[in-house]
Amino acid sequence: MAFIRKKQQEQQLQLYSKERFSLLLLNLEEYYFEQHTAHHIQHKGSQKERRVRGSLKICSKSVIFEPDAISQPIIKIPLRDCIKIGKHGENGANRHFAKAKSGGISLIFSQVYFIKEHNIVAPYKIERGRMEYVFELDVSGKVEDVVETLLQITAILQSRLARTSFDKNRFQSVSEKLHMECKAEMVTPLVTNPGHVCITDTTLYFQPLNGYPKPVVQITLHDVCRIYKRRHGLMPLGLEVFCTEDDLCSDIYLKFYDPQDRDELYFYVATYLEHHVAERTAESYTLQWQRGHLSNYQYLLHLNNLADRSCNDLSQYPVFPWIISDYCSSELDLSNPGTFRDLGKPVGALNKERLERLLARYQEMPEPKFMYGSHYSSPGYVLFYLVRIAPEYMLCLQNGRFDNADRMFNSIAETWKNCLDGATDFKELIPEFYGDDVSFLVNSLKLDLGKRQGGQMVDDVELPPWAQSPEDFLQKSKEALESNYVSEHLHEWIDLVFGYKQKGSEAVGAHNVFHPLTYEGGVDLNSIEDPDEKVAMLTQILEFGQTPRQLFLTPHPQRITEKFKSLPQTSCDNVSIADSPGEESFEDLTEESKKLAWNNIAKLQLHEQYKLHKEAVTGIAVSCNGSSVFTTSQDSTLKMFSTESKMLQRSISFSDMALSSCLLLPGDATVISSSWDNNVYFYSIAFGRSQGTLMGHDDAVSKICWHDNRLYSASWDSTVKVWSSVPAEMTGTKRHHFDLLAELEHDVSVDTISLNAASTLLVSGTKEGTVTIWDLTTATILHQIQCHSGTVCDTAFSPDSRHVLSTGEDSYVNVIDVQTGMLISSMTSDKPQRCFIWDGNTVLSGSQSGELLVWDLLGGKLCERIQGHKGAVTCIWMNDQCSSIITGGEDRKIMFWKLQY
């Protein structure tokens, strides 16, 4: 896991350095300013006088002396415990700055900490009582400056930042052009380091004010892959930069003093980068996850990242759910739902009896009310799990102490039980529980973490009976996370942590309400004028836990698992596939060939083209054997073209108005055409004449669909009508007769409709950009989404009916989840996409530019442009095998395309 890898890298660097000091020795909001080589004079002036050489660190809340000899402890003297600070040998406050030959600084204080004696990580030793320490600087002329700094320490940070600027000599090249410079702090777990940020046309620099851990940090802009705006302390001040594609740990995390500085730097980096990956939305990852192209683990990492969770900020460390609830059995049964935790409830609501007690308290509580006094993720909880690999972080957080031995992370089963039963313990897990590194479970550093009441020493974490080793525990935890049960229910947990049940009335109903300070906007730190009160409030925010940024405002869609996948589509004349082994194999081969075709859709090549009409082509229908192609046009004609003779066989005109679409009825005997003259026309191919007219609308009919003896007609009169075809033998005529079954009302003109494979759902798109999903079994609206700013050009369900794709005049290509109505992917092009076909993952669209565009929905990118028509592509048809495509355009042509692979 990233936190552990980074810690191990730091430890490797420390092997080549004797320095034991780190910023983890500082307190919250404490800053390290400078260091001086010095001697600690012990027993000054006596026969026992002893000189210990080392480095004196001047910090904003303490003085730290690091002896060169690692056998000697680091000394930390808090300034709040100092009784007197001055030059050694002087008396009286007014004589602190008198000239003297002495290079000694005297500190009289009441408390001192001793840290890392013999370089062993252990709880700090504390000595109390009135004491005087003398430090003699190698450069005696610096004594006055250091004493003055210590006496005026509270105002020094901002004044030093204001007086200094980035050292331009640090530029990599003399030809670099400065773009901006500002004050900022570099954020690492539990500490921040002030300095100056500078960005040129090639490089991002950070220069720490104290030169620690190195004089300058630099990142070449060409290497940056991702950049994210972050909240820090619940305020929009953070910026995180990644030079790797998949690593959770960034290369630098910066906290600015002014949001405008943050935004300006972000904008410059993001627009400059050649290889910059646009900041993806949570919804775009949702589509990949739903369709199985992201694992549950990967998806949760992406959501954490987008919700401002970072390994560099322990107050916003990535949060993962408890998955398993069985830590007692000798075997782990992942096929048993009882093995798993209820993902639809927060940890605090898993125990019914405890929840009842919490709700009783909640009812009696004055506003602002909250159900849980502690959070599910905080620095203390993160380090509770990671203490064995990051002990110095725990000592930093807890002022030099480890927790009580019985309260340590001793056992997986004990920790789970306490989360179920404990009055104040509602914590979730961290990504390490589903990773590959077992070091957080093993006391490989041989730390002295204390002795429990039973007498046993705290050592490795006790595993459940079903785990044979730490490696086996992580492997089975990963298998549980990726199991079918979790895949079917993970969206419920996402609703609680990242989604619509995070706040408001939905959170109350889900028993998911935490302390107001854990939510963004819970407090305005800028409105607090008292600096002590401000630090206290910030401390509470950083240490108490922070709720992730809300990513979803509507219910999160469920993952598509084998259990929920739709049945295969039927053939063109609706004959069911027989349940025999041979035909199942044939179906498998057909699906495989379709998959192969879509994988190679970018290799489409123009085979032949014909100009059939005098105006734009509006519709294409093809007979099952492929021998006849029927097209409609704005020139008001229906044409029949033979693919065998390459000749136009018939041209039929029903009125003087444009025809808008056409389709072939099962059996290939009748063509239906819709017209701008408000009518739908039926044409008999065998008899070569009109077979009837349906006068069903008050304005132009824009699109028609057919399934199972039902006609669906969309119109500019703001309706979609569902008609039932009455067989000719029942009416006593040879003409088609239709009964109106349902009328789907819209507010404005309907420009396009489409059915799902089973014809249980219909999607419509309107003139004003609204996409509506209808349940045809009840003729009611499931979802209505305003997802385009202009006319909806085309809509279609995915083959599995889980998603709807829509294109619009605003040039957007949008994917909607059918279950929830959530817009889960949105891409844009330079021109509107007038029509399209898709397989759920890849889209082939006809553009206003005349090109055919290939889109990778899962990758969120445009893959290929194929030259086609002169003028917009207006309609597109694909055969069942996905091997042959026909397009129609404004250039009055139809084009035949073949896949070449």
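Details of the structure are given in the entry above.
Residues numbered from 1 in each chain as written. Predicted model: local features only at pLDDT ≥ 70, side-chain atom pairs only at ≥ 80, totals over all residues. Heavy atoms only, no water.

Participant: How should helix H3 (residues 156-163) be read in this particular structure?
Facilitator: Owing to its 3.6 residues per turn, the α-helix aligns residues three or four sequence positions apart on the same side. The set of residues buried in H3 consists of Ile156, Leu157, Arg160 and Leu161. The buried residues of H3 all sit within an arc of 125° when viewed along its axis, so they share a single face. Away from its buried face by more than 90 degrees, H3 exposes Ala162 and Arg163. Close packing links the buried residues of H3 with strand S1 (32-42), helix H2 (143-151), strand S8 (178-188) and strand S9 (191-200). (Buried < 20%, exposed > 50% of the residue type's maximum accessible area, 1.4 Å probe, protein only. Helix = DSSP H or I, 4+ residues; strand = E, 2+ residues; numbered from the N terminus. Arc of directions from axis to C-beta. Contact = heavy atoms within 4.5 Å.)

Participant: Hey, could you run me through empty space enclosed by the protein in this one?
Facilitator: Unoccupied space between atoms shows up once a probe the size of one water molecule is rolled over them. In this structure the tally under the stated criterion is seven cavities of 30 Å³ or more. As a volume, the largest cavity reaches approximately 70 Å³. Around the largest cavity, the lining residues are Arg341, Pro346, Val347, Gly348, Tyr376, Phe426, Glu428, Trp493, Leu496, Val497, Asn512 and Phe514. Taken together, the residues that form the lining of the largest cavity break down as eight nonpolar, two polar and two charged. (1 Å grid on protein atoms, 1.4 Å probe; cavity = no way out; pocket = protein on both sides within 12 Å on 5 of 7 lines; lining within 4 Å. Points joined across faces, edges and corners; volume = space filled by probe spheres on them. Nonpolar A, V, L, I, M, F, W, Y, C, P; charged D, E, K, R; others polar.)

Participant: Help me understand a negative patch on the surface in this model?
Facilitator: A surface patch of negative charge is lined by Glu529, Asp530, Asp532 and Glu533. For Asp530, a relative accessible area of 39% translates into the label partly exposed. (Patch = residues over 30% accessible without salt bridge, like charges linked within 9 Å, V, L, I, M, F, W, Y side chains within 5 Å. Areas by Shrake-Rupley, 256 points an atom, 1.4 Å probe, with all protein chains shown as cover. Salt bridge = Lys/Arg side-chain N within 4 Å of Asp/Glu carboxyl O. Lys, Arg positive; Asp, Glu negative; His and termini not counted. Charge placed at Lys NZ, Arg CZ, Asp CG, Glu CD.)

Participant: I tried to follow the pattern of salt bridges on my own but got confused; where do I start?
Facilitator: Oppositely charged side chains can form a pair if their charged atoms are brought close together. Across all of its chains, the model carries 30 salt bridges by this definition. The closest approach of N and O atoms between Arg160 and Glu34, which form a salt bridge, is 2.7 Å. One end of the pair, Arg160, is in helix H3; the other, Glu34, is in strand S1, with 126 residues separating them in the sequence. Here Arg160 falls in the buried class, since its relative accessible area comes to 15%. A salt bridge links Asp138 to Arg53; the nearest nitrogen and oxygen atoms lie 3.1 Å apart. Linking Asp138 in the loop between strand S7 (125-137) and H2 with Arg53 in strand S2 (residues 50-59), this pair joins segments that are 85 residues apart in sequence. The exposure class assigned to Asp138 is partly exposed, which follows from its relative accessible area of 38%. Here the salt bridges share partners, and the residues they tie into one network are Arg230, Arg231, Glu240, Asp308 and Arg549.

Participant: Explanation requested: the environment of Leu150 in the structure shown.
Facilitator: Within the secondary structure layout, Leu150 lies in helix H2. We classify Leu150 as buried; its relative accessible area is 5%. Each C-alpha atom, one on Leu150 and one on Pro321, is 47 Å from the other, the two residues being 171 residues apart in sequence. When near neighbours in sequence (up to four residues on either side) are disregarded, Leu150 contacts Ile58, Val63, Leu79, Ile85 and Leu107.

Participant: Would you take a moment to explain the pairing of strand S41 (residues 884-889) for this structure?
Facilitator: Two faces belong to every sheet, and in a regular strand the side chains alternate between them. Burial analysis of S41 places six of its six residues in the buried class, which makes it a mostly covered element. What you see with S41 is no split at all: Ser884, Ile886 and Gly888 on one side and Ile885, Thr887 and Gly889 on the other are buried throughout. Counted between consecutive antiparallel strands, the loop separating strand S40 (residues 873-878) from S41 contains five residues, among which Cys882 sits at a positive phi close to 65°. Relative to strand S42 (residues 893-899), S41 is paired through five bridges, and the arrangement is antiparallel. Of the residues in S42, the one forming a bridge with Ile886 is Phe896. Connecting S41 to the next strand, S42, in antiparallel fashion are three residues, including Arg892 with a positive phi near 75°. (Pairing = 2+ DSSP bridges.)

Participant: Hey, could you run me through the environment of Val382 in this one?
Facilitator: For Val382, the location among the structural elements is in helix H8 (residues 379-386). For Val382 and Glu428, which are 46 residues apart along the polypeptide, the C-alpha to C-alpha distance reads 9.6 Å. Those residues within four positions of Val382 in sequence are excluded, and the remaining contacts are Leu314, Tyr317 and Ile430.

Participant: How should I be thinking about the sheet that holds strand S16 (residues 617-622) in this particular structure?
Facilitator: The strands making up a sheet associate through hydrogen bonds between their backbones, and the pairing can be parallel or antiparallel. Taken in spatial order, the four strands of this open sheet run S16-S17-S18-S19, and their pairing is antiparallel. The two strands at the open ends of the sheet, each matched to only one other strand, are S16 and strand S19 (647-653). Direction aside, the axes of adjacent strands within the sheet are offset by 20° on average. Of the pairings in the sheet, the one linking S16 to strand S17 (residues 628-633) comprises five bridges and is antiparallel in character. Paired with Val617 across the two strands is Ser633, which belongs to S17. (Axes fitted to C-alpha atoms, helices over the stretch in contact; angles between N-to-C directions.)

Participant: What's the story with the packing of aromatic side chains in this structure? I'm lost.
Facilitator: Working definition: an aromatic ring pair is given by the centre-to-centre distance plus the angle between the planes. What the rule picks out here adds up to 39 aromatic pairs. Centroid distance Phe21 to Tyr32: 5.0 Å. Interplanar angle 65°. Geometry classified as edge-to-face. With Phe21 in the loop between helix H1 (2-14) and S1 and Tyr32 in strand S1, this pair connects stretches of sequence that are eleven residues apart. Ring geometry for Trp322 versus Trp416: centroids 5.1 Å apart, planes at 50°, classification tilted. (Phe/Tyr/Trp six-rings, centres within 6.5 Å; stacked < 30°, edge-to-face > 60°.)

Participant: Would you mind going over helix H5 (residues 282-290) with me for this structure?
Facilitator: By the criterion of burial, H5 is predominantly enclosed, with nine of the nine residues buried. Listed as buried for H5 are Ala282, Glu283, Ser284, Tyr285, Thr286, Leu287, Gln288, Trp289 and Gln290. Gly292 sits one or two residues past H5 and shows a positive phi near 85°.

Participant: Just checking my understanding: could you explain the environment of Glu136 for this structure?
Facilitator: Along the chain, Glu136 falls in strand S7. Judged by relative accessible area, Glu136 falls into the partly exposed class, the value being 22%. Aside from chain neighbours lying at most four places away, what touches Glu136 is Ala38, His39, Ile41, Lys44, Arg51, Gly103 and Gly104. A polar contact of 3.0 Å, which involves the side chain of Glu136, links it to the side chain of Arg51. (Polar contact = N/O pair within 3.5 Å; in protein donor to acceptor, adjacent residues only side chain to side chain.)

Participant: Just to check I follow, could you spell out the nonpolar core for this structure?
Facilitator: One broad rule of soluble globular proteins: the nonpolar side chains tend to lie buried together. Judged by nonpolar contacts, the single largest core of 120 residues is most densely connected at Phe433 and Phe498. Of all hydrophobic cores here, the second largest spans 30 residues; its members include Phe65, Phe109, Met131 and Ile156. (Core = buried A, V, L, I, M, F, W, Y, C linked by side-chain atoms within 4.5 Å.)

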